[in-house]
Amino acid sequence: MTLGATSSSGIINWYANSTGGSSLGTGTSFTTPSISADTAYWIDATDNGCTTTTRTSVLASVESFPSVTTSPNARCGTGTVILGATASSGTINWYAASTGGSSLSTGTSFTTPSISTTTTYWVDATNNGCTTPTRTSVLATINPLPTITSTTPGSRCGTGTVTLGATSSSGIINWYAASTGGSSLGTGTSFTTPSISSTTTYWVEAVDGSCISSTRTSVEASVVSSAPLPTVAPVEYCQGSSAVALTATPLSGATLNWYGTNATGGTASSVAPIPSTTTVGNTTYYVSQTVGSCESARASIVVKVVGNTGGKVGLFCDNVNSTTTSVALDWSNPVGWAGYTYSYSIAGYFLVTGTHIAPSTF
């Protein structure tokens, strides 16, 4: 520390004591050695052999650096954060960096600009020209808002309960009856509704510590009536011809359940069966459809396999290898038959119906 003094005349001498001792230096200024506490130095003046009768004290006062205590803070999601700091003495200054830069503000509190990520700010204190040798960090923490990442709606047939599901990025899931307000109906990744008779919307949000989802997410509990039958039609095949899988027309969004020849029971398949065409006669197949969680009753599809040789009375196939109805049969009013008719209803075959009145060979 540098001290100073002036005299009316002569040379100024600096001492460590009020009397005695050697001079530490001369002149109007004196730089002390390094000191950590208040220290008194002494001076006199000498002019033409005359020295002041007493020495005068000069105090080298050592001011302590002010100390700083900080109060970090946090918030959920983007926004401002209020930080705090106190000093043992002096004025607190806020900065954006640990060194350099201009002060952002002064005082015991500082409101950050809007921030979206955790950010460090810095403070020091100045008292009587003494500034803390280093700045102290103050953390403004941004905790992410938890979000609902997926939902699982549910459905049922008729009145009853429905189990819904949801997952979140973090925290605990709360279930509500409304998009805002109201008390939580339950917590967790699944929720079973009370008994409901119509489609009802429920809502979920996630809570992680003090952070809550910005909005609630809807989850629908669907209640549907019994499903109608799928649309089907009977099928005819000629014995030995190439059969194809059966078909049925479901409602939009519905799925088909094939039960083979089981009118009740059995295990459903999503793949339609392919009927056998080796045995003449009728076989009934069954199919239902599922709409939401409702499965319809089973619709029946009658498959008729027609023989390719004449019968006494009834229906038989005559293969004329044709895909049009304009090809004439290779026989006309055959012996033993009366009142026959024919129609093209199976690819490559005519179905002929008639009454047999006498033995005949074709």
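Description of the structure in this document. Computed from a predicted structure; not experimentally measured. (Residues numbered from 1 in each chain as written. Predicted model: local features only at pLDDT ≥ 70, side-chain atom pairs only at ≥ 80, totals over all residues. Heavy atoms only, no water.)

## Side note on the state of the cysteines
In this structure the tally under the stated criterion is 2 disulfides. A sulfur-sulfur distance of 1.7 Å marks the disulfide that ties Cys 157 to Cys 294. Placement of the pair is Cys 157 in strand β18 (residues 154-157) and Cys 294 in strand β29 (residues 294-295), with a sequence separation of 137 residues. Assessed through its relative accessible area of 32%, Cys 157 is described here as partly exposed. (Disulfide = S-S within 2.5 Å. Helix = DSSP H or I, 4+ residues; strand = E, 2+ residues; numbered from the N terminus. Buried < 20%, exposed > 50% of the residue type's maximum accessible area, 1.4 Å probe, protein only.)

## Quick look at the sheet that holds strand β8 (residues 68-71)
Within the open sheet, the 3 strands sit side by side as β8-β10-β13. Their pairing is antiparallel. Here the strands that pair on one side only, and so sit at the sheet edges, are β8 and β13 (109-111). Here the strands of the sheet are splayed against their neighbours by 20° on average, with no regard to which way each runs. Alignment of strand β10 (residues 82-87) against β13, held across 3 bridges, turns out to be antiparallel. What sits directly across from Leu 83, in β13, is Phe 110. (Pairing = 2+ DSSP bridges. Axes fitted to C-alpha atoms, helices over the stretch in contact; angles between N-to-C directions.)

## Description of unusual backbone geometry
Glycine aside, residues mostly have negative phi, and peptide bonds are mostly found in the trans state. Even without a glycine there, the phi angle at Asn 48 is positive, about 55°. When you line up the elements, Asn 48 lands in the loop between β5 (39-47) and β6 (50-51).

## Points about the sheet that holds strand β22 (residues 190-192)
Across the sheet, which stays open at both edges, the 3 strands sit in the order β17-β19-β22 with antiparallel pairing between neighbours. A single partner strand is all that each edge strand has here, and the edge strands are β17 (148-152) and β22. Each neighbouring strand pair of the sheet contributes to a mean axis angle of 20°, computed without reference to strand direction. As paired elements, β17 and strand β19 (residues 163-168) share 4 bridges and run antiparallel to each other. What sits directly across from Ser 150, in β19, is Thr 167.

## Some details on the side chain of Asn 13
By the element assignment, Asn 13 lies in strand β2 (residues 11-15). At a separation of 3.3 Å, a polar atom in the side chain of Asn 13 contacts the side chain of Thr 46. The residues contacting Asn 13, other than those within four sequence positions of it, are Ser 23, Gly 25, Thr 26, Trp 42, Ile 43, Asp 44, Ala 45 and Thr 46. (Polar contact = N/O pair within 3.5 Å; in protein donor to acceptor, adjacent residues only side chain to side chain. Contact = heavy atoms within 4.5 Å.)

## A look at the pattern of salt bridges
Evaluation of the coordinates by the stated rule reveals 3 salt bridges. A salt bridge links Arg 55 to Asp 44, with the nearest nitrogen and oxygen atoms 3.8 Å apart. Remark: Asp 44 occurs in strand β5 and Arg 55 occurs in the loop between β6 and β7 (56-60); sequence separation between them is 11 residues. Across the pair, Asp 44 and Arg 55 agree in class, each one buried. When the shortest N-O distance is used, the salt bridge between Glu 205 and Arg 216 registers 3.3 Å. Remark: Arg 216 occurs in the loop between β24 (211-212) and β25 (217-224) and Glu 205 occurs in strand β23 (residues 200-208); sequence separation between them is 11 residues. Accessibility assignment for this pair places Glu 205 and Arg 216 in one class, buried. (Salt bridge = Lys/Arg side-chain N within 4 Å of Asp/Glu carboxyl O.)

## Thoughts on the environment of Ala 254
Of note, Ala 254 is situated in the loop between β26 (235-238) and β27 (255-258). Under the relative-accessibility criterion, Ala 254 is labelled buried at 14%. Each C-alpha atom of the pair Ala 254 and Gly 292 lies 7.3 Å from the other, and the pair is 38 residues apart in sequence. For Ala 254, the contacting residues outside a window of four places in its chain are Gln 289, Thr 290 and Val 291.

## A word on the pairing of β19
Both β19 and β22 contribute to a ladder of 3 bridges, which runs antiparallel. Each bridged residue has a counterpart across the sheet, and for Gly 165 the counterpart in β22 is Ser 190.

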